[in-house]
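Fold and geometry: a report
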Amino acid sequence: MVNDIGPTSQNTLMTKYADDITCSIPVGPDVNDCASEEVENIKAWAEENSMKLNLSKTKELVIRGRTTLPPPEPIVTIERVSYLKLLGVTFQDSPTNWDKHFDDLMERAVKRMHILRVCKRNGYSVSDLDYLFNCLIMSLFTYCIRVWGVAAYTKYLSQIDRLVRRAFRFGYIQHESSIQQVIKDRDVRLWKSIMGASSHPLKDLLPPLKNRALRGRSHPYQIPRVNTERFKKCFVNRCLFHSK
């Protein structure tokens, strides 16, 4: 499909999934904006390979934190949007804003709670309801949780804990589980998988190896310089800082 296409710049992270392509392009005072060049490169590749590029479905999202720098110039023929859904996760132009993702997530979860109400009314046991809750609702909460698990607890993650408590109170589940504990357990599981496989696809996200061995960490990687709490909370850094 799109295996043989590559970015024009070494700063561009090009992610390919079936016939979809996502380009993540850093822009800053010391980094040139190569977005237009990447688009032209993809257009040329599509034409050369007799594939149709649907520009009406091609979007540009500029994610900016607290900065006084002006946003980059829009890409000609590409619509710039304030939010974008990628593989089921909705990203917004502010890296700390998860409003749309959680609105959609909680709406779907509440609708599925109705299924449990009907099942309980029809005599399902607590163990059966618990199984259904994990399949229908917890699966929503754990999908890509290592990406959006950085969301603020008070504003976002606490919504999940409130729904879980309500499910326990109604007799749909056997035990309560904190979403923060779920995130921690899944972090540990994936981190062990990354550390245990030399060819793990996420190994490319890890920082360089340490120059010398230091005590206190169970991994051989350098600790990155962190300027914001948000950066420290992303999955790889969570594991780097808290791995024992």
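For the structure itself, consult the block above.
Residues numbered from 1 in each chain as written. Predicted model: local features only at pLDDT ≥ 70, side-chain atom pairs only at ≥ 80, totals over all residues. Heavy atoms only, no water.

Attention shifts here to the overall build of the protein. Counting its regular elements, the protein contains eight helices and six strands. Beginning at the N terminus, the succession of helices and strands in the protein can be written as β-β-α-β-β-β-β-α-α-α-α-α-α-α. If one aligns the C-alpha atoms of the protein with their principal axes, the spans along those axes are about 60 × 50 × 40 Å. Every one of the 244 residues in the protein was classed for burial, and the buried ones make up 31%. (Helix = DSSP H or I, 4+ residues; strand = E, 2+ residues; numbered from the N terminus. Buried < 20%, exposed > 50% of the residue type's maximum accessible area, 1.4 Å probe, protein only.)

Here we come to the layout of surface pockets. Estimates place the volume of the second largest pocket at around 590 Å³. Ile-183, Lys-184, Asp-187, Arg-238 and His-242 are the residues nearest the centre of the second largest pocket, which is lined by 23 residues in total. Among the elements of the structure, helix H5 (153-169), helix H6 (179-196), helix H7 (229-232) and helix H8 (235-242) are those that each provide at least two residues to the lining of the second largest pocket. When its residues are assigned to classes, the lining of the second largest pocket shows ten nonpolar, five polar and eight charged. (1 Å grid on protein atoms, 1.4 Å probe; cavity = no way out; pocket = protein on both sides within 12 Å on 5 of 7 lines; lining within 4 Å. Points joined across faces, edges and corners; volume = space filled by probe spheres on them. Nonpolar A, V, L, I, M, F, W, Y, C, P; charged D, E, K, R; others polar.)

This next bit is on the nonpolar core. Residues Phe-102, Phe-133, Phe-141, Trp-148 and Ile-160 are the most contacted members of the largest nonpolar core, which totals 31 residues. Of all the secondary structure elements, the ones that give two or more residues to this core are helix H2 (99-121), helix H3 (126-142), helix H4 (145-148), H5 and H6. In this view, Phe-102 contacts Trp-148, Ala-151, Tyr-156, Leu-157, Gln-159 and Ile-160; residues no more than four positions away in its chain are not counted. (Core = buried A, V, L, I, M, F, W, Y, C linked by side-chain atoms within 4.5 Å. Contact = heavy atoms within 4.5 Å.)

Here we come to the side chain of Asp-161. The residue Asp-161 is located in helix H5 in this model. The buried charged residue Asp-161 lacks any salt bridge, with Arg-165 as its nearest oppositely charged partner at 5.0 Å. Looking at Asp-161, its side chain comes within polar contact range of the main-chain nitrogen of Ile-179, at 2.9 Å. Apart from the residues within four sequence positions on either side, Asp-161 is in contact with Tyr-153, Ser-177, Ser-178 and Ile-179. (Lys, Arg positive; Asp, Glu negative; His and termini not counted. Salt bridge = Lys/Arg side-chain N within 4 Å of Asp/Glu carboxyl O. Polar contact = N/O pair within 3.5 Å; in protein donor to acceptor, adjacent residues only side chain to side chain.)

Turning our eyes to something else, we now look at the side chain of His-219. In this structure, His-219 sits in the loop between H6 and H7. According to the relative accessible area criterion, His-219 is buried, its value standing at 4%. At a separation of 3.1 Å, a polar atom in the side chain of His-219 contacts the main-chain amide nitrogen of Tyr-221. Within polar-contact distance, the side chain of His-219 engages the backbone oxygen of Leu-240 at 2.9 Å.

The next point concerns the packing of aromatic side chains. By the definition in use, this model includes four aromatic pairs. Ring centres 5.8 Å apart and planes at 55° place the aromatic pair Phe-91 and Trp-98 in the tilted group. Geometrically, the ring pair formed by Phe-102 and Trp-148 is edge-to-face, given 5.4 Å between the ring centres and 85° between the ring planes. Of the two residues, Phe-102 is situated in helix H2 and Trp-148 in helix H4; the sequence distance between them amounts to 46 residues. By relative accessible area, which is 1% here, Phe-102 ends up buried. The rings of Phe-102, Trp-148 and Tyr-156 are connected pair by pair, giving a single aromatic cluster. A cation over a ring is seen here: Lys-100 above Tyr-83, with NZ or CZ 4.4 Å from the ring centre. Over the face of the ring belonging to Phe-241 we find Lys-232, whose NZ or CZ atom lies 4.9 Å from the ring centre. (Phe/Tyr/Trp six-rings, centres within 6.5 Å; stacked < 30°, edge-to-face > 60°. Lys NZ or Arg CZ within 6 Å of the ring centre and 35° of its normal.)

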